[in-house]
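Reading the structure
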Amino acid sequence: CMIKVWLQSIRFKTLSAAVVPIFVGSALSYAKLGLISLYLIICCLLSALFIQVATNLFNDAEDFKKGADTTTRLGPQRGTQSGMLSYMQVSIGAIICLLLATLFGVPLVISGGMPIVVIGLVSLFFAYAYTGGPAPLAYVGLGDIFVLIFFGLIAVGGVYYIQSGQYDLGAFIAGLQAGSLATVLIVVNNMRDHVQDKIVGKMTLAARFGLKFSYYEVCALYALPYILLAYWFFEGFYIASLAPLITIIFAYKLVKKIKQTKPSSHYNIFLASSSKIFLMYSLLFSIGLVIDVTFKY
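Residues numbered from 1 in each chain as written. Predicted model: local features only at pLDDT ≥ 70, side-chain atom pairs only at ≥ 80, totals over all residues. Heavy atoms only, no water.

It is worth spelling out the layout of surface pockets at this point. One water molecule sets the probe size; rolling that probe over the atoms shows where empty space is left. The computed volume of the largest pocket comes to approximately 680 Å³. As for the largest pocket, its lining consists of 34 residues, and the residues nearest its centre are R11, T14, N56, N189 and L271. Those elements that place two or more of their residues in the lining of the largest pocket are α1 (2–10), α3 (38–66), α7 (143–164), α8 (169–192) and α15 (266–294). Here the lining of the largest pocket takes six residues from α8, the largest share from any one element. Partitioning the lining of the largest pocket into residue classes produces 15 nonpolar, twelve polar and seven charged. Lining the second largest pocket we find 32 residues, and of these S47, I51, I119, G120 and S123 sit closest to its centre. Secondary-structure elements contributing two or more residues to the lining of the second largest pocket are α2 (16–33), α3, α5 (87–112), α6 (114–129) and α7. Of the residues forming the lining of the second largest pocket, the biggest block, nine residues, is contributed by α6. When grouped by side-chain class, the residues that make up the lining of the second largest pocket number 24 nonpolar, eight polar and no charged. (1 Å grid on protein atoms, 1.4 Å probe; cavity = no way out; pocket = protein on both sides within 12 Å on 5 of 7 lines; lining within 4 Å. Points joined across faces, edges and corners; volume = space filled by probe spheres on them. Helix = DSSP H or I, 4+ residues; strand = E, 2+ residues; numbered from the N terminus. Nonpolar A, V, L, I, M, F, W, Y, C, P; charged D, E, K, R; others polar.)

This model, assessed by the stated rule, comprises two cavities of 30 Å³ or more. Roughly 40 Å³ of internal volume is contained in the second largest cavity. Sorting the residues of the lining of the second largest cavity by element identifies α8 and α15 as the ones contributing at least two each. Across the lining of the second largest cavity, the residue classes break down as five nonpolar, two polar and no charged.

Everything listed here is a matter of coordinates, which is why it stays silent on function.
Okay, here's the thing in structure tokens:
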């Protein structure tokens, strides 16, 4: 079924990385300034989703072209790898998604001005440059920092700026929390594929420094968002600072399983689990912000 093949290339389970920061940035704007626009939220969601899908499709095409995706990879089968889709088909799909992202980004530019133009252009460029071009980020070990910045600091901060017209320490902290949790997804993915990646010269941090390094990276990425909840507690956002702690047991269990399991197809389950933790933590945090400001104690 071609629809199933396209969905595999789109990588539906990873799309939380695009959606979640929108809710965090919008909830933060409402909690701190009472400013929120449903219209802008929808435009942000659609633009971010199409950029994420474009990034995934370019990744699908470029990894196949560079030999990183073969029949021996442990991850889910991809469109170009399976032969069901050609390199050209997937690349055209990615370009169409970038055009749609640009279309839905127009209202965001009107609202946010030049800073959003810069963020938009940089995001569109790196959707391809993440795995495409002469020096793709994912192939030189910069994929992790890319996710932290673009799916955390820029995504949350950008949405907060679009909604409120300003940027502050709270937006930076929230962006760091979201970005850290989103980065776990790419680290788990790279741990699973580190052997094949190293063979074809895709030198992710897992391929470059080994599984032990990546395991401690996952530990640090999970520890940081929970530690930073203290900031929100002292800012008076008590529900927002406490509610996400519910997810810490799931993060602990996942970290423990990663330590006990050698890279295999089991990591596909870990990847799905890390996505759910990211989603749960961020939704609880966002809902907590809204409750805190709605029911002031």
